[in-house]
Structure formats: C-alpha cells, structure tokens
Amino acid sequence: MKYVLVTGGVVSGLGKGVTASSIGLILQACGLRVTSIKIDPYLNTDAGTMSPFEHGEVYVLDDGGEEVKYFNLFLKVDLDLGNYERFLDIKLTRDNNITTGKIYQFVIDKERRGDYLGQTVQVVPHITDAIQEWIERVAAIPVDGKEGPADVCVIELGGTIGDIESMPFIEALGQFSYRVGSGNFCLIHVSLVPVLNVVGEQKTKPTQHSVRGLRSMGLAANILACRSTTVMSSAEAYIVHLQELDGNVKEKLSRFCHVPIENIITLYDVSNIWRVPLLLRDQKAHEAILKVLNLICDTKEPALGEWTARADLCDLLHEPVRIAMVGKYTGLADSYLSVLKALLHASVACHRKLCVDWVPASDLEDATREENPSAYKSAWKLLKGADGILVPGGFGDRGVEGKILAAKYARENKIPYLGICLGMQIAVIEFARSVLGLHNANSTEFDPNTQNPCVIFMPEGSKTHMGGTMRLGSRKTYFQGASSKSAKLYGNQSFIDERHRHRYEVNPDMVLRLEEAGLSFAGKDESGHRMEIIELPSHPFFVGVQFHPEFKSRPGKPSALFLGLVAAASGQLDAVLKKSAKMTCSRMSNGSTAMKSHLYENTTKITNGSLDGIYCNGNGLHV
C-alpha cells in the first residue's frame with residue numbers, strides 16, 4: 001500500500017479537500033485504485049451535532065457497518081468525504097473519517113476493558129499507535145466495488161500545521177512515514193504564498209515557516225502546492241485573484257523548503273472546480289507523486305479525455321436556469337454543498353447554466369414584512385422569479401413558516417418543486433392546511449401539542465440524545481406503481497436505495513385523508529407504513545422525498561430527482577421522461593430486469609444538441 005498525505009499551512013480554506021480529491025482522480029486516471037481517509041482533529045466523534053454555519057453540511061455515507069440497532073451505526077461525516085465520493089465515484093465507510101473523539105474513545109474503551117494490562121495510557125505511544133493502526137486497517141478496505149485493497153490511500157489532515165489539536169496526528173503520521181518507508185509515503189503540503197498590497201511581491205516566508213514546522217515534527221514535504229494572490233487596483237476597488245508562482249519564487253521555495261523545483265505546483269484560480277485535476281496534470285503533479293512512490297514504471301499517462309470534455313462543456317453553458325433555494329442556512333453555501341453539486345450535475349446534463357437564488361426562509365414570513373419590509377420584498381422577488389424551487393433538509397422551527405409559504409406558492413402557481421427531508425414534510429403540512437382545511441396542521445417537532453399532527457417523531461428515536469439517534473444511511477424505498485414521475489425518472493425500478501437522515505416522518509394515520517384529497521405517496525419503505533416520496537399528479541413537477549438524493553449524485557450520474565427538477569424548470573421534463581421510457585424498454589427487451597440506480601450512468605458521449613448522451617457530464621460552476 002502506498003500513502004499520499006495532504007496537509008495545509010499558513011491559513012485554512014486553501015482547498016486541501018479539492019486538492020486531495022483531484023490527486024486521487026489523476027492517480028485513478030493513471031490506472032491505480034484509490035481510497036481516501038479524512039482526519040478531523042476536533043473532539044466530536046462525528047459531524048452530526050455540528051452547526052452547518054460552523055462546519056458546512058453534514059455528509060451521510062452509504063454504509064456504517066453492521067446494524068446492531070435500528071439507529072446509530074450509520075454515520076454522519078465531514079463534507080470533504082463527499083468530495084472524495086463525487087470525484088472518485090467510490091463508496092466510503094464511517095471509518096474513512098477519523099476524529100480525535102473517535103480515537104480517544106477507542107483507546108479509553110480499550111483501557112476500560114483492561115487491554116493495556118495496567119500500563120499508563122499516554123498520547124505516545126497509545127494514541128499515536130491507535131491512529132496508525134486505524135489508517136492501515138481502513139486503507140485496506142475496498143471502496144470501488146472490486147475485491148482486494150486499493151493501490152494508493154490519499155489521507156487529508158484537516159486544519160493547519162501548528163494547530164494544537166493536530167499534534168497527536170502529526171506525531172503519529174511522522175512515525176507512520178518512517179515505518180512504511182520513503183518509497184511508500186508522499187507528503188503534499190498545500191500552502192499560501194501571499195502578496196502584500198504595498199510591494200506587490202509574492203512572499204515565501206509563511207510557507208517556509210510552515211514547512212519548517214512540519215520538519216520539526218518529523219515530516220518532510222515531498223511536493224508543495226502553492227496558492228498565491230495578486231492584488232490589482234482599479235479606480236473603485238482592489239481586485240484579488242490567484243496567479244501562478246514566479247520562477248524566482250519557485251527557486252526560493254525549493255532552496256529553503258528542500259523540495260525539488262519541479263515538485264512545486266501552483267494552484268491558481270480556474271473557471272470551474274473540475275479543471276483542478278487538469279491543472280495538476282498539466283504541471284506533471286502525477287509524475288512527481290509516482291516518482292516519490294516508486295510507481296513511475298507501473299502506470300500509464302492519466303486518461304482524462306472524458307473529464308476534460310465535461311469541464312469544457314461546463315464552461316460553454318450560457319442559457320440560465322434559476323433555482324430558488326429556500327433554506328435556513330443560506331448565509332453559508334457549504335451548508336448545502338451536496339445539494340449544490342447535485343443541481344450542477346443536473347443543470348449541465350440539461351445544458352443549462354445554473355443560477356441559484358438564495359432565499360432565507362424566514363424572510364418570506366409575515367413577521368419579516370413588518371420588521372424588515374425590504375428583506376421581505378427581496379425574498380419574494382427571488383422566489384417569484386425562479387424557474388424552480390428547492391427546499392432542502394434542516395432542523396428547528398426557524399424559517400419553517402416561510403418554507404411552507406414557498407411550497408404553497410410552488411403548488412398553486414405550478415412552479416417545479418423539490419422538497420428534501422424537511423422540504424417534503426413542510427409540503428405535506430401545507431397541503432393539509434390549504435387543501436384539507438386543517439389550519440393548525442403541523443409537525444410535532446414545531447408544535448408538540450398540535451391537534452392535527454401531519455409529521456410525527458419516529459417511535460424508534462431518542463428524545464434525550466442528539467448524536468447518532470436518527471434514521472441514517474442507505475435504505476430501500478419501494479415505488480407504489482409505475483405511473484409517478486419519480487418512478488419514471490428512476491427507470492421504473494421496483495425499489496431504490498437512497499441515504500437518509502431524519503427523526504420525524506409523515507404521520508401514517510393522516511395518509512388516507514391526504515391521498516383522498518389528491519396527494520400521492522409514490523414511494524414507501526419496506527413496511528409500507530413510512531412515507532418516502534410524495535407527488536402531486538396534477539402538477540407539472542411537485543415532488544418531496546424523505547431521503548437525501550443529493551448524496552449519491554455524481555459527475556456523469558446526476559441524481560434522477562434533481563435531473564427531474566432542473567428538466568422541469570427548463571422545459572425539458574417530457575423529453576427526459578421519454579428518454580427514460582426508451583431506455584427502460586431497451587433494457588427490458590435485452591432481458592434485463594434489474595435496473596441501475598441512476599438512469600444515465602452508462603451514457604459516455606457528450607453531445608451539444610439533443611438530450612441524447614448528455615448525462616455523462618461534468619460540473620463545477622459554484623454558483
């Protein structure tokens with residue numbers, strides 16, 4: 001097994017996650033099998049209880065191990081694991097995310113069992129040994145559907161060199177690099193080379209100090225990946241962008257950081273995120289990595305032709321599709337990162353440039369009209385100008401009434417609508433209020449004493465513990481017939497596997513009344529009592545799902561429901577449904593009965609005209 005460690009220096013937010021994912025992709029394109037591990041030095045055992053404002057979205061993996069209980073073994077992890085899965089098209093496990101909390105819990109549990117036989121348990125060697133053992137064990141787990149371990153494990157160390165919470169991990173990785181040997185370990189250090197406004201010169205000193213800090217802790221950088229800013233003054237403001245390193249700057253970095261000049265790479269701004277692997281390839285980053293790992297003779301040139309075509313297509317899009325994102329955490333785009341990526345996958349598949357209008361849900365409410373009329377007017381202007389409306393998942397009662405108003409507007413005005421998790425639940429509440437006339441209908445999450453509980457707490461849940469007590473991970477949804485739009489978008493499969501993260505569900509006692517009023521429950525769980533998909537048959541596209549389809553969307557394999565939303569918003573839904581029907585008939589005529597989860601995953605050509613072949617797409621316009 002070969003290991004590539006990606007660390008960061010000087011400041012956070014330089015793009016270690018995208019860099020690690022891109023490195024994995026180009027190594028994969030060279031014919032190597034790749035797995036990934038993300039190390040997060042925080043004390044939380046997982047990201048499930050962390051605020052999206054503080055840490056971005058909580059990413060849910062497919063499988064969290066054997067299910068001892070109904071809850072708590074499917075895990076919520078850092079959003080960077082979503083980058084790895086999307087770039088590399090792999091399925092990671094809960095153990096691919098290491099946190100300080102997990103390591104300490106593991107060691108303390110061993111101490112309580114008496115496994116250390118009376119030893120004094122210390123950071124060195126017990127914590128550091130546990131970290132190394134965890135890395136070796138997880139690196140050997142296949143994540144690409146093939147048997148046997150991967151060839152290379154890409155490890156990303158979160159945070160910045162010098163952070164006190166990272167110290168045990170850096171010590172462990174220093175020991176690990178010595179133990180596995182220099183030909184099996186490559187360290188890539190992502191750092192900043194800033195430019196001061198006064199002198200306009202790229203400064204290498206911060207990177208020098210960062211690398212020196214690494215060396216003092218037993219790690220030596222093999223490759224430097226540098227970000228450098230340039231400030232250009234105009235009559236009105238300063239414009240900041242990232243540029244390539246000057247030749248003399250590379251020489252200086254090489255001299256003081258003890259890194260060959262050909263191993264110093266510039267990570268400058270590109271038109272979309274999918275060009276980052278191409279940027280690394282063009283600077284021969286793969287050759288530098290393979291040389292350090294003694295793999296130069298065992299690989300081929302990276303085959304990225306299809307990836308390049310997707311990136312090019314992404315840059316050529318100009319006809320917009322506007323999607324209003326009505327949420328609670330609209331102040332931080334990373335709170336809905338996977339939703340954004342899924343929208344981008346679908347928009348490129350439909351040959352549309354994605355424009356996301358962020359609508360704070362609370363600004364749609366009547367209280368805001370009195371307190372802040374301009375915010376109220378602006379929010380409604382964005383909502384009414386959208387081609388489609390998406391209400392993502394969330395927790396808590398802030399902004400719920402605004403989300404209900406958004407669902408009502410979409411339903412009454414025939415605007416394409418997709419509700420995810422809470423977005424489905426509020427659509428049910430709105431329907432009960434407006435169509436059934438149950439004006440006090442609500443969720444027990446927001447009103448425990450409501451007389452008409454449309455959404456209730458799941459009986460298996462825990463009301464005393466927040467972490468690890470939700471219905472999590474990949475679970476089956478069974479379609480209740482082939483006539484629904486969602487069933488058609490999924491290729492008329494009998495069931496699908498999608499990832500979940502929720503504590504509340506549609507009240508099964510209300511289902512019959514809702515169905516009689518015209519709301520269709522197109523998908524249910526294996527018991528038939530838990531509602532998974534709702535639709536309005538009379539609406540052009542009004543779909544709500546209890547699961548999170550965004551977590552399985554991939555470049556080249558857009559989520560079926562996100563594709564449906566964007567297609568409906570851009571006037572292409574009929575063509576997509578016809579395409580789906582043709583593919584279903586074609587597969588059935590070939591004797592195939594088991595349909596794959598994503599309709600378009602076998603399509604490899606990218607066309608510039610019709611919908612034929614556009615579903616193998618790229619994305620990256622981070623709107």
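Analysis parameters
- Residues numbered from 1 in each chain as written.
- Predicted model: local features only at pLDDT ≥ 70, side-chain atom pairs only at ≥ 80, totals over all residues.
- Heavy atoms only, no water.
- UniProt positions renumbered as here; feature names shortened; annotations may be inferred.
- Helix = DSSP H or I, 4+ residues; strand = E, 2+ residues; numbered from the N terminus.
- Expected span 1.5 Å × (residues − 1).
- Buried < 20%, exposed > 50% of the residue type's maximum accessible area, 1.4 Å probe, protein only.
- Pairing = 2+ DSSP bridges.
- Core = buried A, V, L, I, M, F, W, Y, C linked by side-chain atoms within 4.5 Å.
- Contact = heavy atoms within 4.5 Å.
- Axes fitted to C-alpha atoms, helices over the stretch in contact; angles between N-to-C directions.
- Parallel < 35°, antiparallel > 145°, perpendicular 65-115°, else oblique.
- Nonpolar A, V, L, I, M, F, W, Y, C, P; charged D, E, K, R; others polar.
- Salt bridge = Lys/Arg side-chain N within 4 Å of Asp/Glu carboxyl O.
- Patch = residues over 30% accessible without salt bridge, like charges linked within 9 Å, V, L, I, M, F, W, Y side chains within 5 Å.
- Areas by Shrake-Rupley, 256 points an atom, 1.4 Å probe, with all protein chains shown as cover.

The name given to the protein chain in an unreviewed UniProt entry is CTP synthase, with the source organism recorded as Penstemon smallii. Here is the UniProt Pathway (unreviewed entry) comment for the protein chain, exactly as written: "Pyrimidine metabolism; CTP biosynthesis via de novo pathway; CTP from UDP: step 2/2." The UniProt entry for the protein chain carries the following comment under Sequence similarities (unreviewed entry): "Belongs to the CTP synthase family."

J.: What am I meant to see in helix α1 (residues 16-29) here?
T.: For α1, spanning 14 residues, the distance from its first C-alpha to its last is 20 Å, which sits close to the expected 20 Å at 1.5 Å a residue. Buried residues dominate α1, accounting for 13 of its 14 residues. Remark: Gly 31 follows α1 within two positions and exhibits a positive phi of approximately 100 degrees.

J.: What should I look at first to understand the pairing of strand β2 (residues 34-40) in this one?
T.: A regular strand places its side chains on the two faces of the sheet in alternate fashion. Counting buried residues along β2, seven of its seven residues qualify, which places the element largely inside the surrounding structure. Burial along β2 is two-sided: the face carrying Val 34, Ser 36, Lys 38 and Asp 40 and the face carrying Thr 35, Ile 37 and Ile 39 are both buried. Across three bridges, β2 lies against strand β5 (residues 97-99) in parallel orientation. From the neighbouring strand, Lys 38 faces β5, where its bridge partner is Asn 97.

J.: Explain the nonpolar core here, please?
T.: Nonpolar side chains in soluble globular proteins tend to be buried together. Counting 50 residues, the largest nonpolar core has Val 4, Ile 23, Leu 27, Cys 186, Ile 188 and Ile 289 as its most contacted members. If we ignore the near neighbours within four places in the chain, the residues touching Val 4 are Ile 23, Leu 27, Val 152, Cys 153, Val 154, Ile 155, Cys 186, Ile 188, Ile 289 and Leu 293. Among the nonpolar cores identified, the runner-up in size contains 45 residues, and Ala 361, Tyr 409, Ala 432 and Phe 446 belong to it.

J.: Any chance you could explain the sheet that holds strand β15 (residues 441-443) here in plain terms?
T.: Two pairing modes exist for strands in a sheet, parallel and antiparallel, and in both the strands are linked by backbone hydrogen bonds. Strand order in this open sheet of three strands is β15-β16-β19, and the pairing throughout is mixed. Edge positions in the sheet fall to β15 and β19 (504-506), since each has one partner strand and no second. Strand-to-strand twist across the sheet, computed as the mean angle between neighbouring axes with direction ignored, equals 25 degrees. The pairing of β15 with strand β16 (residues 452-457) spans three bridges and is parallel. Bridge pairing links Asn 442 to Pro 453 in β16.

J.: Looking at this structure, how should I read the pairing of strand β1 (residues 2-8)?
T.: Burial within β1 is extensive, with seven of its seven residues counted as buried. Side chains Lys 2, Val 4, Val 6 and Gly 8 of β1 all project onto a buried face; the interleaved residues Tyr 3, Leu 5 and Thr 7 project onto the opposite face, where all are buried too.

J.: Any chance you could explain the packing of α1 against helix α10 (residues 285-292) here in plain terms?
T.: Helix-helix packing: each pair is described by the crossing angle between the helix axes and the interaxial distance. Running from amino to carboxyl end, α1 crosses α10 at an angle of 80 degrees, the nearest separation of the two axes being 10 Å. If you check the angle between α1 and α10, you find them roughly perpendicular. Contacts from Ile 23, Ile 26 and Leu 27 of α1 reach α10 at Ala 285, His 286, Ile 289 and Leu 290. Per-class residue counts for the contact of α1 with α10 are six nonpolar, one polar and no charged.

J.: Where do I start with the pattern of salt bridges in this structure?
T.: Close approach of charged atoms allows side chains with opposite charge to pair. Taken as a whole and judged by the stated rule, the model has 24 salt bridges. Between Asp 312 and Arg 275 there is a salt bridge whose closest N-O contact spans 2.6 Å. With Asp 312 in helix α11 (residues 305-316) and Arg 275 in the loop between β10 (264-266) and α9 (276-282), the pair connects residues that are 37 residues apart, well separated along the chain. Residue class for Asp 312 comes out partly exposed when judged on its relative accessible area of 33%. A salt bridge links Glu 319 to Arg 352, with the nearest nitrogen and oxygen atoms 3.6 Å apart. Residue Glu 319 is found in the loop between α11 and β11 (320-327), and its partner Arg 352 is found in the loop between α12 (337-349) and β12 (353-360); the two are separated by 33 residues along the sequence. Overall, the relative accessible area of 42% leaves Glu 319 in the partly exposed class. Ionic contacts of the salt-bridge type, sharing partners, join the residues Glu 85, Asp 89, Arg 499, Arg 554 and Lys 557 into one network.

J.: It is not clear to me how α12 should be interpreted in this structure. Could you clarify?
T.: Quick reminder: α-helices carry 3.6 residues per turn. Residues three or four places apart thus point the same way. Over its 13 residues, α12 runs 18 Å from end to end, which matches the ideal 18 Å to within 8%, given 1.5 Å per residue. Burial analysis of α12 places 13 of its 13 residues in the buried class, which makes it a mostly covered element. Looking one or two residues past α12, His 351 carries a phi angle of roughly 55 degrees, positive in sign.

J.: Mind showing me how you'd approach a nonpolar patch on the surface here?
T.: Together, Tyr 104, Ile 108, Val 123 and Val 124 make up a nonpolar patch on the protein surface, roughly 310 Å² of accessible area in all. Elements with a contribution of two residues or more to the nonpolar patch: α4 (100-113) and α5 (123-139). Relative to the elements of secondary structure, Ile 108 occurs in helix α4.

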